[in-house]
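Listed here are the chains, written in short residue letters.
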Amino acid sequence: MFVLPALFTPEDSRPVVLFDGECNLCNWGVNYLMDHDRCSEDARGNLRVAALQSAVGQLMLRRLPPEKLARARSSENGQYKSIVVICSQAAYVGSDAVLFIAKTALRGPLRWLGVAGGALPRRLRDPAYSFVSSRRQRWFGKAPDCRVWDDNFDTRFLSDEVLVGGGTAPSADAANLVPGAEVRVVSAEPVVVKHLKRYPTGVCLQGLVGRVVETLQAKGGDRPYDIVVKFKHPSSFQAHLSSSELALVPMNA
């Protein structure tokens, strides 16, 4: 799984629960989680949440190994069939995700049920989970949009703003991307670099902020410029990007 430094930072590395934002049962479950999070490891809540359908959710799903992605999404229609928990170095799908949530965030009997449930083999747990999951919209209905909300929404809900920040739309005019300009990576597809020895599985640049070091016009003159950007986080390094993958960060952002 490639590293996501824009989403898992030293300031906030809490696991993220990815839920089906169009499912009434899932919305209820996440609202329950927000109301009953023990906040024992972080005053803001032990877990964060995001919709599977969001840009953040889609980016995280792309980190999943193929076998876990197959458990989370139907191969027939592409619809989501499982809750997913993404950590900085691990991921949980299906009944594993439910047990992780119970043990990590919930209080009282539900937490101990989560601990005890881990003793059951997954071949017994997953069919029960799949039985409910495959019928959740039929039984509980489908929501037109995500209805999750609580008093700590801003500290628990991981929105797409993390990726785009205060940047403008991707710049088609590379002349604006002069050396020294502060830019954010806002590409539609994850840009993963793998030349950093500290991160052999790669680092995803989506959402990271850096400064332009140099612009190199591609041969022929009709292709996007190559922009050399230097990033400080997670470690000081440079990457070559195209102007279509970058957005200027306003000076007052």
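Residues numbered from 1 in each chain as written. Predicted model: local features only at pLDDT ≥ 70, side-chain atom pairs only at ≥ 80, totals over all residues. Heavy atoms only, no water.

### Section: the environment of Val-212
Part 1 of the reasoning: Positionally, Val-212 belongs in strand β8 (residues 209-216).
Part 2 of the reasoning: By relative accessible area, which is 4% here, Val-212 ends up buried.
Part 3 of the reasoning: Along the sequence, Val-212 and Val-178 sit 34 residues apart, while their C-alpha atoms lie 6.5 Å from each other.
Part 4 of the reasoning: The contact partners of Val-212, leaving out residues within four places of it in the chain, are Leu-177, Val-178, Pro-179, Gly-180, Ala-181, Val-183, Ile-227, Val-228 and Val-229. (Helix = DSSP H or I, 4+ residues; strand = E, 2+ residues; numbered from the N terminus. Buried < 20%, exposed > 50% of the residue type's maximum accessible area, 1.4 Å probe, protein only. Contact = heavy atoms within 4.5 Å.)

### Topic: unusual backbone geometry
Part 1 of the reasoning: With omega at 10°, the peptide bond leading from His-233 into Pro-234 counts as cis.
Part 2 of the reasoning: Mapped onto the elements, Pro-234 comes out in the loop between β9 (226-231) and β10 (237-242).
Part 3 of the reasoning: One non-glycine residue, Cys-39, lies in positive phi territory at about 55°.
Part 4 of the reasoning: Note on placement: Cys-39 falls in the loop between α1 (24-36) and β2 (48-51).

### Here's the deal with the pattern of salt bridges
Part 1 of the reasoning: Taken as a whole and assessed by the stated rule, the structure comprises 6 salt bridges.
Part 2 of the reasoning: Between Arg-44 and Asp-12 there is a salt bridge, with the nearest N and O atoms lying 3.6 Å from each other. In this pair, Arg-44 is assigned in the loop between α1 and β2 and Asp-12 in the segment before β1 (16-19), connecting sequence segments 32 residues apart.
Part 3 of the reasoning: Judged by relative accessible area, which is 14%, Asp-12 ranks as buried.
Part 4 of the reasoning: Residue Arg-48 is joined to Asp-12 by a salt bridge in which the shortest nitrogen-to-oxygen separation is 3.7 Å. On the criterion of sequence distance, the pair formed by Arg-48 in strand β2 and Asp-12 in the segment before β1 is long-range, its members being 36 residues apart. The pair formed by Arg-48 and Asp-12 is uniform in burial state, with each residue classed as buried.
Part 5 of the reasoning: One continuous salt-bridge network, built from bridges that share partners, spans Asp-12, Arg-14, Asp-42, Arg-44 and Arg-48. (Salt bridge = Lys/Arg side-chain N within 4 Å of Asp/Glu carboxyl O.)

### Focus on the sheet that holds strand β5 (residues 182-185)
Whenever strands of a sheet pair, they do so through backbone hydrogen bonds, lying parallel or antiparallel.
Part 1 of the reasoning: Reading across from one edge, β10-β9-β8-β5-β11 is the order of the 5 strands in this open sheet, with antiparallel pairing throughout. A single partner strand is all that each edge strand has here, and the edge strands are β10 and β11 (246-248). Ignoring which end each strand starts from, the neighbouring axes of this sheet average 45° apart.
Part 2 of the reasoning: Here 6 bridges tie β9 to β10, and the two strands are oriented antiparallel to one another. The partner of Lys-230 across the bridge, within β10, is Gln-238. (Pairing = 2+ DSSP bridges. Axes fitted to C-alpha atoms, helices over the stretch in contact; angles between N-to-C directions.)

### What about the nonpolar core?
Part 1 of the reasoning: Within the largest apolar cluster, 22 residues are counted, with the highest numbers of intra-cluster contacts made by Leu-4, Leu-7, Leu-18, Met-60, Val-84 and Ile-86.
Part 2 of the reasoning: Looking at this core, the elements that each hand over two or more residues are β1, α2 (55-61), β3 (84-86) and β4 (91-93).
Part 3 of the reasoning: Tallying contributions element by element places α2 first for this core, with 4 residues.
Part 4 of the reasoning: Filtering out sequence-adjacent residues up to four positions away, Val-84 remains in contact with Val-16, Val-17, Leu-18, Leu-52, Leu-61, Leu-64, Ala-72, Tyr-92, Val-93 and Ala-97.
Part 5 of the reasoning: Judged by nonpolar contacts, the second largest core, of 21 residues, contains Leu-196, Phe-231, Phe-237 and Ala-239. (Core = buried A, V, L, I, M, F, W, Y, C linked by side-chain atoms within 4.5 Å.)

### Quick word on the environment of Asn-46
Part 1 of the reasoning: Mapped onto the elements of the fold, Asn-46 is located in the loop between α1 and β2.
Part 2 of the reasoning: Taking the C-alpha atoms as reference points, Asn-46 and Ile-101, separated by 55 residues in sequence, lie 9.3 Å from one another.
Part 3 of the reasoning: Non-local contacts of Asn-46, meaning those with residues more than four positions away in its chain, are made with Arg-14, Pro-15, Asp-37, Arg-38, Cys-39, Ser-40, Glu-41, Thr-104 and Ala-105.
Part 4 of the reasoning: Side-chain polar atoms of Asn-46 contact the backbone nitrogen of Glu-41, separated by 2.9 Å. (Polar contact = N/O pair within 3.5 Å; in protein donor to acceptor, adjacent residues only side chain to side chain.)

### Some words on the sheet that holds β4
Part 1 of the reasoning: An order of β2-β1-β3-β4 is seen for the 4 strands of this open sheet, with the pairing classed as mixed. Single-partner strands in this sheet number two, and they are β2 and β4. Along the sheet, successive strands turn relative to each other by an average axial angle of 20°, direction set aside.
Part 2 of the reasoning: With 3 bridges joining them, β1 and β3 adopt antiparallel strand pairing. The partner of Val-17 across the bridge, within β3, is Val-85.
Part 3 of the reasoning: Sheet contacts for α1: β1 and β2; angle to β1, the most-contacted strand, approximately 160°.
Part 4 of the reasoning: Set on the sheet, helix α4 (residues 95-105) makes contact with β1, β3 and β4; between it and β4 the angle comes to about 115°.

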